[in-house]
Amino acid sequence: MKINAWITAAALAAGVLTSAASIDARAATSQNLSTHGSACRNYNAAEALDIDYFYRGVRNISADARSVICPITTHPVTGPTRSFYVDGSNSGGVTTTCTVYAYSYTGALLSSSSFSTSAATYDYPVSLPTVSFWSFTSMVCTLPGNGNAVIFGAFSVDS
């Protein structure tokens, strides 16, 4: 009788552990990834000294607008769409413009999406209509001058 009770208790414990393991496995497959703004680089080589990297992200310290290119880390997906959030700030009524791109492993453009914002602080949603399992993703942003705009970074949303 005690052996039957022990076997029943062990079977219940194994069932609970199996259920917990399956919940953890599902949670592990969804990975929202962030890329800090300091990963961005000057888009034009001659403007390297105009781009300033610091703890909050990247900004342009030239008086003129400058562009930066930023990698966006993604978790591989089968597609067909991918969502992102681009975070940053603007001061003095300036506007930041960004375009997010997805390229195939062969270098072919799969899709792109652009936005402009003059919001003081933003968490801007961007959706790419076409991506693939082997996509590379990047973003090009034009930053207004005098340090009036900062790109904090970008989030790749895995849904």
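Scroll up a little and you will see the structure.
Since the structure is predicted, the reported quantities are computational estimates derived from the model, not experimental observations.

Draft legend 1. The environment of proline 125, seen in detail. With respect to the helices and strands, proline 125 occurs in strand 9 (residues 121-128). Separated by 30 residues in sequence, proline 125 and phenylalanine 155 have C-alpha atoms that sit 9.4 Å apart. The contact partners of proline 125, leaving out residues within four places of it in the chain, are Phe84 and Tyr85.

Draft legend 2. Quick look at the nonpolar core. Judged by nonpolar contacts, the single largest core of 23 residues is most densely connected at Val68, Val86, Val100, Met139 and Ile151. When residues of this core are traced back to their parent elements, those giving at least two are strand 5 (66-71), strand 6 (82-90), strand 7 (96-103), strand 9, strand 10 (136-143) and strand 11 (149-157). Other than its neighbours up to four places away in sequence, valine 100 contacts Ile72, Phe84, Val86, Ser111, Ser112, Ser113, Val126, Leu128, Thr137, Ser138 and Met139.

Draft legend 3. Layout of a nonpolar patch on the surface. A surface patch of nonpolar side chains, about 720 Å² in accessible area, is lined by Tyr103, Tyr105, Leu109, Phe133, Trp134 and Phe136. Relative to the elements of secondary structure, tyrosine 103 occurs in strand 7.

Draft legend 4. Molecular detail of the packing of aromatic side chains. Taken as a whole and assessed by the stated rule, the structure comprises 4 aromatic pairs. Here the aromatic rings of phenylalanine 115 and tyrosine 124 are separated by 4.1 Å at their centres, their planes lie at 10°, and the arrangement is stacked. Taken together, the aromatic side chains of Phe115, Tyr122 and Tyr124 make up a single cluster linked through ring pairs. Across the ring face of phenylalanine 54, the terminal group of arginine 59 is positioned such that the distance to the ring centre comes to 4.4 Å.

Draft legend 5. Representation of the state of the cysteines. Enumeration according to the criterion identifies 2 disulfides in this entry. With its sulfur 2.0 Å from that of its partner, cysteine 40 forms a disulfide with cysteine 70. Classification of the bridge connecting cysteine 40 and cysteine 70 rests on its S-S torsion, roughly 105°, and on that basis the disulfide is right-handed. Pair noted here: cysteine 40 is in the loop between strand 1 (33-36) and strand 2 (41-42) and cysteine 70 is in strand 5, with a separation of 30 residues, a long-range link. Of the two residues examined, cysteine 40 and cysteine 70, each falls in the buried class. Note on cysteine connectivity: cysteine 98 is disulfide-linked to cysteine 141, with sulfurs 2.1 Å apart.

Draft legend 6. Expanded view of the side chain of serine 104. Counting through the fold element by element, serine 104 comes out in the loop between strand 7 and strand 8 (109-117). Polar side-chain contacts of serine 104 include one of 2.7 Å to the side chain of threonine 106.

Draft legend 7. Molecular detail of the pattern of salt bridges. Enumeration according to the criterion identifies 3 salt bridges in this entry. A salt bridge links aspartate 50 to arginine 66; its shortest N-O distance comes to 2.6 Å. Placement of aspartate 50 in the loop between strand 2 and strand 3 (51-54) and of arginine 66 in strand 5 is noted, with a sequence separation of 16 residues between them. Here aspartate 50 matches arginine 66 in class, with each residue buried. Aspartate 52 is the salt-bridge partner of arginine 59, the closest N and O atoms lying 2.7 Å from each other. Looking at arginine 59, the relative accessible area reads 26%, which means it is partly exposed. Linked by salt bridges that have partners in common, Glu47, Asp50 and Arg66 make up one network.

Draft legend 8. Representation of the side chain of threonine 96 in the model. Looking at the element boundaries, threonine 96 is found in strand 7. Taking the relative accessible area as the measure of exposure, threonine 96 reaches 0% and is therefore buried. Within polar-contact distance, the side chain of threonine 96 engages the side chain of asparagine 90 at 2.6 Å. Apart from the residues lying within four places of it in its own chain, the contact partners of threonine 96 are Asn90, Phe115, Ser116, Thr117, Tyr122, Thr142, Leu143, Pro144, Ala149 and Ile151.

Rules and cut-offs
Residues numbered from 1 in each chain as written. Predicted model: local features only at pLDDT ≥ 70, side-chain atom pairs only at ≥ 80, totals over all residues. Heavy atoms only, no water. Helix = DSSP H or I, 4+ residues; strand = E, 2+ residues; numbered from the N terminus. Contact = heavy atoms within 4.5 Å. Core = buried A, V, L, I, M, F, W, Y, C linked by side-chain atoms within 4.5 Å. Buried < 20%, exposed > 50% of the residue type's maximum accessible area, 1.4 Å probe, protein only. Patch = residues over 30% accessible without salt bridge, like charges linked within 9 Å, V, L, I, M, F, W, Y side chains within 5 Å. Areas by Shrake-Rupley, 256 points an atom, 1.4 Å probe, with all protein chains shown as cover. Salt bridge = Lys/Arg side-chain N within 4 Å of Asp/Glu carboxyl O. Phe/Tyr/Trp six-rings, centres within 6.5 Å; stacked < 30°, edge-to-face > 60°. Lys NZ or Arg CZ within 6 Å of the ring centre and 35° of its normal. Disulfide = S-S within 2.5 Å. Polar contact = N/O pair within 3.5 Å; in protein donor to acceptor, adjacent residues only side chain to side chain.

Honestly, that's just the spatial picture; any functional story needs more than this.
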